[in-house]
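Reading the structure
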Amino acid sequence: MGKVHIFDHPLIQHKLSFIRDRRTGTKEFRELMNEVAMLMAYEITRDLPLEEIVVETPVAPARTRVLSGRKIGLIPILRAGLGMVDGMLKILPTAKVGHMGVYRDPETLQPVEYYVKLPSDIAERELIVLDPMLATGGSASHSIAVLKNRGARSIKLMVLIAAPEGIARLQADHPDVDLYVAAVDERLNEHGYIVPGLGDAGDRLFGTK
Ligand code: URA
């Protein structure tokens, strides 16, 4: 079963509180989401493998370490996942970015795929799927299945807030995918919103509605 890693770093928790606050406007919401994504990027990359190299300092050769292994690919699920990309790229500036257009049908709550554009070498990359909200888990699970069908072999899912229902769905559908999350909330309401959550992440990010 995929593990759930909860990022309880004080800065992440502090910023998440203001992201949740209904009084936080679009500009600040956007800034905070990118700041939290940047801090989460730092945590999610903790286990990246290193290899030893030798560099010449102005004084002497130094045995030192650099990243080895797979390169990173970021896969934001449109549209709210876009809000996490810039923050991630601050820490991982050479990552490639693929886009996954999936929305949730408001009636059936089922994922509908409308746009997929991915780096050509996703099989060789460590992919981090980005979506601020893991609600039913339908969009994330569907997106991960699309990535696997196109050859992806290593996938992590990074979200701000998860509902227990979404976690159960992810673990059932993709036991090989670990979840990285800032908070696990109580439940979903009858409209599929996470309670207490933060409302509609896409609308709050883009100032729509
Ligand atoms: N998507 C959101 O933006 N918010 C929720 O609470 C659930 C899904």
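Residues numbered from 1 in each chain as written. Predicted model: local features only at pLDDT ≥ 70, side-chain atom pairs only at ≥ 80, totals over all residues. Heavy atoms only, no water.

**Focus: the side chain of aspartate 185**
Heads up, the rule is: For helices the rule is a DSSP run of H or I covering at least 4 residues; for strands it is a run of E covering at least 2, with both sets numbered from the N terminus onward. Throughout this description, a polar contact denotes any pair of N or O atoms lying within 3.5 Å of each other; where both atoms belong to protein, one of them has to be capable of donating a hydrogen while the other can accept it, and for residues adjacent in sequence the pair is counted only when both atoms sit in side chains. Contacts between residues were defined by any pair of non-hydrogen atoms, one from each residue, lying within 4.5 Å.
The residue aspartate 185 is located in the loop between strand S11 (178-184) and strand S12 (187-188) in this model. From its side chain, aspartate 185 meets the backbone nitrogen of glycine 197 in a polar contact 2.8 Å long. If near-sequence neighbours (up to four positions away) are discounted, aspartate 185 is found in contact with Arg20, Ile161, Ala162, Pro164, Ile194, Val195, Pro196 and Gly197.

**Side note on the site of the ligand**
To keep things clear, this is the line we draw: To be near a molecule or strand, a residue needs just one of its heavy atoms within 4 Å of it. Accessible surface is estimated by sampling points in the Shrake-Rupley manner with a 1.4 Å probe; for residues, cover comes only from the protein chains shown. Throughout this entry, Asp, Glu, Lys and Arg are counted as charged residues, while Ala, Val, Leu, Ile, Met, Phe, Trp, Tyr, Cys and Pro are counted as nonpolar. The remaining residues, Gly among them, count as polar.
Around the ligand, the neighbouring residues are Arg104, Met133, Ala135, Gly192, Tyr193, Ile194, Gly199, Asp200 and Ala201. Separating a nitrogen atom of the ligand from a backbone N or O atom of glycine 199 is a distance of 2.7 Å. At 2.7 Å from an oxygen atom of the ligand is found a main-chain nitrogen or oxygen belonging to alanine 201. Contact with the protein chains removes 87% of the 240 Å² of surface that the ligand exposes when unbound. Taken together, the residues of the shell around the ligand sort by class into five nonpolar, two polar and two charged.

**Thoughts on the nonpolar core**
Cut-off, in case you're wondering: For the purposes of this section, nonpolar cores are sets of buried Ala, Val, Leu, Ile, Met, Phe, Trp, Tyr and Cys residues that join through side-chain atoms within 4.5 Å. Relative accessibility thresholds used throughout: buried, under 20% of the residue-type maximum; exposed, over 50%; partly exposed, between the two (1.4 Å probe, protein chains only).
Ile19, Met88, Met158 and Leu160 are the most contacted members of the largest nonpolar core, which totals 38 residues. Only helix H1 (10-20), helix H2 (26-44), strand S4 (71-78), helix H3 (85-91), strand S8 (125-130), strand S10 (154-162), S11 and helix H6 (201-206) provide two or more residues apiece to this core. In terms of residues, this core owes the most to one element, H2, which gives nine residues. What leucine 160 contacts, discounting residues up to four positions off in sequence, is Leu16, Ile19, Met33, Val36, Met40, Met84, Asp131, Pro132, Val181, Ala182 and Ala183. If you look at the next biggest cluster of nonpolar residues, it comprises 23 residues, including Ile155, Val159, Ala162 and Leu170.

**Structural notes on the pattern of salt bridges**
Definition in use: Salt-bridge detection follows one rule: a side-chain nitrogen of Lys or Arg within 4 Å of a carboxyl oxygen of Asp or Glu.
The final tally for this structure, using the stated rule, is 13 salt bridges. With its nearest N and O atoms 2.8 Å apart, the salt bridge here joins arginine 23 to aspartate 21. Given the relative accessible area of 72%, arginine 23 is considered exposed. A salt bridge links glutamate 31 to lysine 27; the shortest N-O distance between them is 3.0 Å. Here glutamate 31 and its partner lysine 27 are both found in helix H2, four residues apart, which amounts to about one turn of the helix. Through salt bridges with shared partners, a single ionic network connects Asp47, Glu126 and Lys156.

**Examining the layout of surface pockets**
The following threshold applies: Definitions used throughout: a 1 Å grid over protein atoms alone; a cavity as a set of points that fits a 1.4 Å probe which cannot get out; a pocket as an open set with protein on both sides within 12 Å along at least five of seven lines; a lining residue as one with an atom within 4 Å of a point. Grid points are joined across faces, edges and corners, and a volume is the space filled by probe spheres set on the points.
What the largest pocket holds in volume is close to 670 Å³. Along the wall of the largest pocket there are 27 residues; nearest its centre are Tyr103, Arg104, Ser139, Asp200 and Gly202. Classifying every residue of the lining of the largest pocket by side-chain character gives 15 nonpolar, eight polar and four charged. In this structure, the second largest pocket encloses a volume near 260 Å³.

**Notes on helix H5 (residues 164-173)**
Stated formally: Here the arc refers to the set of directions running from the helix axis out to each C-beta atom.
Those residues of H5 lying buried are Gly166, Ile167, Leu170 and Gln171. Summarising the axial view, the buried residues of H5 lie within an arc of 130 degrees, below the 170-degree limit, and thus occupy one face. If you follow the buried residues of H5, they end up packed against strand S1 (4-6), strand S9 (133-134), helix H4 (138-149), S10 and S11.

**Quick look at unusual backbone geometry**
A cis geometry characterises the amide bond from leucine 78 onward to arginine 79, with omega recorded as 0 degrees. Note that arginine 79 resides in the loop between S4 and H3. Going from valine 195 to proline 196, the amide bond is cis rather than trans, its omega being 0 degrees. Its location among the elements puts proline 196 in the loop between strand S13 (194-195) and H6. Positive phi outside glycine occurs at lysine 209, with the angle close to 80 degrees. In this fold, lysine 209 is placed in the segment after H6.

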